[in-house]
Amino acid sequence: MYMLPRKTTRIEISQDTLDALIAEKERTGFGAAKIFQYAKSLDLVGATSNLTSGMIVAWMSGKSRSAHAENIVAVTQAYRSIVFESELPCDANERRLVLITDGVDDELQVFLSARTTSVRKLIVGDASAPEGLTENKLKRLARGRESLILLSHLRFIRKAMNIWGD
């Protein structure tokens, strides 16, 4: 019985694409599991997608030389959406996610940890605090468990650091 060939969007992963993915991994520090979760959070990975973090590992290790085009695009877009604060213009969208670098992370941890819950409660209780800035998020920042932050949250915390800093 003759069957029509399956329609597929699988493409070969070129060396340039592989190099770009590895460079983004090194730039952001986001491995396969983290970028997969991040891509899902941005709705870049559709509900019908078969993408897994294991597939991303296989791409980056060279074990898999092909992938569905939409999966490569989703991971590439997720990586490219991650920016450092220094790369953003002053008028950048406040809803933009910013990658927390080691220096920023240390600075936030010292500020948010040294004052235990009092400063976190003051920040969250401030009427001008941006939407979504919760005490739980501040605790995660203080413990170094967050790698991304909304620009509006980071700018608000920086403002608080200028006001209440030593």
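Coordinates for the structure precede this section.
Worth saying up front: this structure is predicted, and the values here are computed from it rather than measured.

1. Observations concerning the nonpolar core
Alright, step 1. By size, the foremost hydrophobic cluster in this structure holds 24 residues, and its most contacted members are Phe30, Ile35, Ile56, Trp59 and Val75.
Alright, step 2. Elements supplying a minimum of two residues to this core: helix H1 (15-28), helix H2 (32-41), helix H3 (53-61) and helix H4 (69-81).
Alright, step 3. The contact partners of Trp59, leaving out residues within four places of it in the chain, are Ile13, Leu18, Leu21, Leu51, Ser64, Ser66, Ala67, Asn71, Ile72 and Val75.
Alright, step 4. Judged by nonpolar contacts, the second largest core, of 23 residues, contains Val83, Leu133, Ala142 and Ile157.

2. Section: the environment of His153
Alright, step 1. By the secondary structure assignment, His153 is in helix H8 (residues 151-164).
Alright, step 2. Classification of His153 as buried rests on a relative accessible area of 2%.
Alright, step 3. His153 has contacts with Pro130, Glu131, Gly132, Leu133 and Lys137, leaving out every residue within four places of it along the chain.
Alright, step 4. Side-chain polar atoms of His153 contact the backbone nitrogen of Leu133, separated by 3.5 Å.

3. What to know about the pattern of salt bridges
Alright, step 1. According to the stated counting rule, one finds five salt bridges in the structure shown.
Alright, step 2. Among the salt bridges present, the one from Glu94 reaches Arg155, with a minimum N-O distance of 2.6 Å. Of this pair, Glu94 sits in the loop between strand E3 (83-84) and strand E4 (97-99) while Arg155 sits in helix H8; the two residues are 61 residues apart in sequence, bridging distant segments of the chain.
Alright, step 3. Residues Glu146 and Arg140 are paired through a salt bridge, measuring 2.5 Å at the closest nitrogen-oxygen approach.
Alright, step 4. By relative accessible area, Arg140 is classed as partly exposed at 33%.
Alright, step 5. Connected via shared salt-bridge partners are Glu85, Glu107 and Arg158.

4. Observations regarding the sheet that holds E4
Strand pairing in a sheet is mediated by backbone hydrogen bonds. Such pairs are either parallel or antiparallel.
Alright, step 1. Read from one edge of the open sheet, three strands run E3-E4-E5, paired in mixed fashion. Of all the strands in the sheet, the pair left with one neighbour each is E3 and strand E5 (148-150).
Alright, step 2. Relative to E4, E3 runs parallel, the two being bridged by two bridges. Bridge pairing links Phe84 to Leu99 in E4.
Alright, step 3. Each of E4 and E5 touches H8; the most contacted strand, E5, lies at about 80° to it.

Reading guide: rules and limits
- Going along each chain's sequence as written, the residues are numbered from 1 onward.
- Predicted model: local features are reported for residues with pLDDT of at least 70 only, side-chain atom pairs are reported and counted for 80 or more only, and whole-chain, interface and lining totals are derived from all residues.
- Hydrogens are left out, water is left out, and the side-chain values use all remaining heavy atoms of the structure.
- Here, nonpolar core means buried Ala, Val, Leu, Ile, Met, Phe, Trp, Tyr and Cys residues that are tied together by side-chain atoms lying within 4.5 Å of each other.
- A simple rule labels every residue: compare its accessible area, found with a 1.4 Å probe on the protein chains alone, to the largest value its type can have, and call it buried under 20%, exposed over 50%, or partly exposed in between.
- Under the DSSP-based scheme used, a helix requires at least four consecutive residues in state H or I and a strand at least two consecutive residues in state E, with every element numbered from the N terminus.
- A contact between two residues is defined here by any heavy atoms of the two lying within 4.5 Å.
- Think of a polar contact as two N or O atoms within 3.5 Å of one another; within protein, one of them needs to be a possible hydrogen donor and the other a possible acceptor, and neighboring residues in sequence only count if both atoms come from side chains.
- Think of a salt bridge as a Lys or Arg side-chain nitrogen and an Asp or Glu carboxyl oxygen that are within 4 Å of each other.
- At least two DSSP bridges between two strands are needed for those strands to be called paired.
- In this description, a line fitted to the C-alpha atoms serves as the axis of each element, helices being fitted only across the stretch in contact, and the angle between N-to-C directions of two axes falls anywhere from 0 to 180 degrees.

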